[in-house]
Structures are given as structure tokens and as C-alpha cells.
Amino acid sequence: METIYSVLGKFDFKGDLISCKEFGSGHINKTYIAKYSDGGTERRYVVQKVNGNVFKNIDELMENVFAVTSYLRDVIAQSGGDQDRETLHYIKTTDGRQYYRGQGNACYRAYIFVENSISYDRADTPELFAASGVAFGKFQRMLGGFDSRRLHVTIPNFHNTIWRYENEFLPSLKLDVKDRAQKCADEIEYINSCKDEMSRLEELVGAGDIPLRVTHNDTKLNNVLFDRDTNECLCVIDLDTVMPGTALFDFADAIRFGASTAAEDEADLSKVSLDLGYFEAYTKGFLSEAGGTLNDCEKANLPFAAWLITLELGMRFLTDYLTGDEYFKTAYPEHNLVRAKNQLALAKDMQSKMEEMDNIIRNS
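Definitions and cut-offs
- Residues numbered from 1 in each chain as written.
- Predicted model: local features only at pLDDT ≥ 70, side-chain atom pairs only at ≥ 80, totals over all residues.
- Heavy atoms only, no water.
- Disulfide = S-S within 2.5 Å.
- Buried < 20%, exposed > 50% of the residue type's maximum accessible area, 1.4 Å probe, protein only.
- Helix = DSSP H or I, 4+ residues; strand = E, 2+ residues; numbered from the N terminus.
- Expected span 1.5 Å × (residues − 1).
- Bend = angle between axes of the 7 residues up to and from the residue.
- Contact = heavy atoms within 4.5 Å.
- Pairing = 2+ DSSP bridges.
- Lys, Arg positive; Asp, Glu negative; His and termini not counted.
- Salt bridge = Lys/Arg side-chain N within 4 Å of Asp/Glu carboxyl O.
- Polar contact = N/O pair within 3.5 Å; in protein donor to acceptor, adjacent residues only side chain to side chain.
- Core = buried A, V, L, I, M, F, W, Y, C linked by side-chain atoms within 4.5 Å.

**Q** Where do I start with the state of the cysteines in this structure?
**A** Cysteine pairs can be covalently joined through their sulfur atoms, and such a bond is termed a disulfide. A complete count under the given rule lists zero disulfides for this structure. Cys184 provides the cysteine sulfur closest to Cys194, a residue in no disulfide bond, and the two sulfurs are 15 Å apart. Judged by relative accessible area, which is 4%, Cys194 ranks as buried. Cysteine Cys233 is unpaired, with the sulfur of Cys235 as its nearest cysteine sulfur at 9.2 Å.

Below is the structure:
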């Protein structure tokens, strides 16, 4: 039977193995920290067993990851930065492959551990949220010269809102297999009322007004590493969903998650709103790095994108509720309905604050 120790021998690590322990509490991939001694220098590597049930095409995923991180390392080297702290440094196998395919079709990959770093699950202050904006803005700036056409589209139509409406939401509503539509008539009416706005960004991309860029697609705070001593942002991690897209959705999803006054499954909708202070903090941080990379059309549509992605997720939660909770994990029978109501309430609040959001963008 293959063990993690036999897997370690498949990678081009430097030194002699000291220890290997399971690390973190990720829900998708199993992660280990392997410690090596190399001529008196201690080195640590992260080794991950990739969940093949979630990531169906590991070849395309890893090609994207290596292409982006290799480009970032070159950019960082040219600026005199630290390549091993300002982006992830993936390690190839001893036979030069980007990952190791083991027994039972298990796939493993490895990268250098970012020393003296820390991550956070929640932004308890606007300043911390702003720092994450700096990190994702820097990610966009450094990849501004990267041709996104080199990347595989690993999740087709991921943020194509009108496609999700026409191909997922409407069919689920028509079938209503669990007879649940009657419980969410108001939410259905609101989503339908937004139909004409759902294709706006797709149309701007199609017209060439908004360019396709490298997008992260999971811009949560805990995907940023900070220096443990200075608390300055170091790098963006978890690049499994990197692919071509619009930078607006990376900005927007960070706002949806981090600038809301409540968790996305808070049932008391009176607690759900957009915190404009947090919106402004993140915006200023993000544009301080990415402002020179984005064009005027992109900047002008950032507030709209925040609304659209919030609407989109609310619609996805409601779609899953109507189809019997097949996609998102739920803790109780009405969990997806609560999530949908929550996100749609947040979207409505964003609409009411669109003018203030626009002003913040113009003044940032």
C-alpha cells in the first residue's frame, strides 16, 4: 500500500526527511507538511493529495497553476522581490512532471512552505480587509502582461450569470422536483426581474470593452498569506480555480463575502447589508495596486459586478434548493433557502447603495 512517505520520494526535495505531518483542516484536499534538513538548513514543503472528485482534469489544472506561478516568479525576480514568499513555488517530481499520480489514481503535488506566514478567516477590521485588497490587486497587476488565452477554462460558464439563469435556474424552476417553488415566490420574482441585467458584463467582454484576464475565482480573505511579524500581505494562495475571466468578478466576490455585515447563511435578514466602510477599504487597497492595470470600463463596472455576483450566488443557492440540495452541502433542510434569501437581500441592499459605491470608485 502506498504511504505518504513513499509519495515524498517521488518529488525533487532537497535534503533528508525529518518529519511529515498532516496539516490544516481543508475540506477538499488532504495536506501534509514535510520537513527536511539540507546541510544544516531546515526546509519545509507542502504536499497535497488533490481531490479528484472535485477536480476532474488535474492536467489542465496543474498546467494553469504552473504557468501562472512561473510567470509571477519571473516578475518578482525582475523587481528584486522574494520568489519563495511573494508567490507559491511548486516543485516538480523527480521525473520532471507537475504532479505525481499514485496508486488508485491519487494525485499529489508539492510546493515550498511560505515561512513565517499567517492567514485569517475573517476581516475583523477594515484595515485587514484593505490589506487583502492590496494582495488581490497586486495579483492582477503582476499578471497584467500575461496572456490569459494560455490558460485552460477548467470550469466553463463559472461566472456567466445569464447562462446560469437560462440553463440552471429556469429548468429547476420548471421541474420543481421537490415542490418548493411556492416557498420562495418573492425570491423567484426578484431574480426574474433582474434578467435584463444579467448579460451586461458578458456583452461588454464580447464587445472588447472589458478584457479577459487571469482570474483567481476564490478571493476569500483566507486565500491571502500575511507576514506573521509585520502583517503585510505576502501572496495569494489556492490557485486551483485560476483561469481566464474578468477581474471584476474577483473584486466582486471579495466584496460579497468580506463587506457583508453577516455570514452568508444568517437567517435574520435585518442583519444583512453592505458595509460601505469595508467596501471603501477594500476598494482603495485593490485599486492602489490594480488601478493602473484596469481600464475605465472595468473600474466603472466594479460596483455593478459586486451586485451581479451576489445575485448570481443567491440564484445558485435557490437553484440548488429547488433541485433538492444536490450541489452545496447543507446542515438542515432549509439551509439553501436561507442562503438564497440572505444573498438576495444583500444584492438588494447593494442596489440601494449603488450611487455611494460608484462615488467611492471614482474617488479611489
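**Q** Looking at this structure, I do not really get helix 5 (residues 161-175). What am I missing?
**A** Residue pairs spaced three or four apart in an α-helix point in one direction, given the helix's 3.6 residues per turn. With 15 residues, helix 5 extends 20 Å between its outermost C-alpha atoms, agreeing within 8% with the 21 Å of an ideal straight helix rising 1.5 Å per residue. When the local axis directions of helix 5 are compared, the greatest deviation, roughly 30°, occurs at Phe169, which is followed within four positions by the proline Pro171. Packed against the buried residues of helix 5 are helix 6 (185-193), helix 8 (247-258) and helix 11 (302-323). Positioned one or two residues after helix 5, Asp176 has a phi angle of 45°, which is positive.

**Q** Can you walk me through the sheet that holds strand 10 (residues 233-236) in this structure?
**A** Strands in a sheet are paired, the pairing made by backbone hydrogen bonds, and the direction either parallel or antiparallel. The sheet built from three strands is open, its strands ordered 7-9-10 with antiparallel pairing. Of all the strands in the sheet, the pair left with one neighbour each is strand 7 (117-118) and strand 10. Taken together, the three bridges between strand 9 (residues 224-227) and strand 10 define a ladder with antiparallel strand orientation. The residue of strand 10 that forms the bridge with Leu225 is Cys235.

**Q** Is there a simple way to think about the side chain of Asp320 in this case?
**A** Structurally, Asp320 is set in helix 11. Despite being buried, Asp320 has no salt bridge partner; Arg339 is the closest side chain of opposite charge, sitting 6.0 Å away. Within polar-contact distance, the side chain of Asp320 engages the side chain of Asn336 at 3.0 Å. Discounting chain neighbours no more than four positions away, the residues touching Asp320 are Asp325, Glu326, Tyr327, Phe328 and Asn336.

**Q** Explain the nonpolar core to me, please; I cannot follow it from the model alone.
**A** Across soluble globular proteins, nonpolar side chains have a tendency to be buried as a group. Counting residues in hydrophobic clusters, the biggest one holds 100 residues, and the most contacted among them are Ile191, Leu201, Ile255, Trp307, Leu311 and Leu318. Among the elements that line this core, the one with the most residues is helix 11, at 14 residues. Setting aside chain neighbours within four positions, we find Leu318 in contact with Phe169, Cys184, Glu187, Ile188, Ile191, Leu337 and Ala340. Membership of the second largest hydrophobic core comes to 17 residues, among which are Cys20, Tyr36, Tyr100 and Ala106.

**Q** Looking at this model, I keep getting lost on the environment of Ser79. Mind explaining?
**A** Looking at where Ser79 falls in the secondary structure, it is placed in the loop between helix 2 (58-78) and helix 3 (83-86). Classification of Ser79 as exposed rests on a relative accessible area of 57%. Separated by 2.9 Å, the side chain of Ser79 and the backbone oxygen of Ile76 make a polar contact.

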